[in-house]
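Architecture and fold: a report
The residues making up each chain are set out below.
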Amino acid sequence: MEALTAADRIELHELAARYGNAIDERDWVCFASVFTEDCRYELAGFGRLDTVLRGRDTLRDFMAASTTHPVAHHVTNVEVIAIGDVVTMRSKIIGTLSGGYSGSADYRDVVTMTDEGWQIAERVVTLRRPPRPPID
């Protein structure tokens, strides 16, 4: 793979933002442009919601049916890393929940260039929790 251009990096930052906008608006057409058709999506640290989903349609159906999903996604701290042929994107999410609560998670993405542009092929979402005090 050739080195990422500045244009690639801008597109990847916009991809991170597009996810937040698409999911908040429940814009499933836009959402489809974010993930590859055969994507892998993993939730970790969410307790009963910990799961691995495979495929964009499965992921969309999961998101559409959720009654506990944040009402607003604020994606920040986007970092793009290219090593060899693998391009990863790390970012953080601040999710605003109904009732005024908020939470934070980390996104770890593997991104790929497709005929539709850059898309997320794999995403691991890890809920951020405060560190627990040591047990004596």
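Structure: above.
Description of the structure in this document. (Residues numbered from 1 in each chain as written. Predicted model: local features only at pLDDT ≥ 70, side-chain atom pairs only at ≥ 80, totals over all residues. Heavy atoms only, no water.)

**Comments concerning the overall build of the chain**
From N to C terminus, the chain includes 3 helices and 6 strands. Ordered by position from N to C terminus, the α and β elements of the chain give α-α-β-β-α-β-β-β-β. Whereas a compact globule of 136 residues would reach a radius of gyration of roughly 14 Å, the chain reaches 15 Å, a difference of no more than 12%. Its C-alpha atoms give the chain principal-axis dimensions of about 50 × 40 × 25 Å. The 136 residues of the chain split such that 31% are buried. Sequence separation of at least 24 residues holds for 45% of the intrachain contacts in the chain that already meet a minimum separation of 6. (Helix = DSSP H or I, 4+ residues; strand = E, 2+ residues; numbered from the N terminus. Rg over C-alpha atoms; globule rule 2.2 N^0.38 Å. Buried < 20%, exposed > 50% of the residue type's maximum accessible area, 1.4 Å probe, protein only. Contact = heavy atoms within 4.5 Å.)

**A few points about the pairing of strand E1 (residues 35-44)**
By the bridge criterion, 6 bridges tie E1 to strand E6 (residues 117-127) in an arrangement that is parallel. Pairing of Glu 42 across the sheet is with Val 124, part of E6. Bridging between E1 and strand E2 (residues 51-54) involves 4 bridges; their strand directions are antiparallel. Among the inter-strand pairings, Leu 43 is bridged to a residue of E2, identified as Thr 51. Once E1 ends, the chain turns through 6 residues before running back antiparallel as E2, passing Gly 45 with a positive phi of about 90°. (Pairing = 2+ DSSP bridges.)

**Section: the state of the cysteines**
Under the counting rule described, the total for this entry stands at 0 disulfides. With no disulfide partner, Cys 30 has as its closest neighbouring cysteine sulfur the one in Cys 39, 14 Å distant. (Disulfide = S-S within 2.5 Å.)

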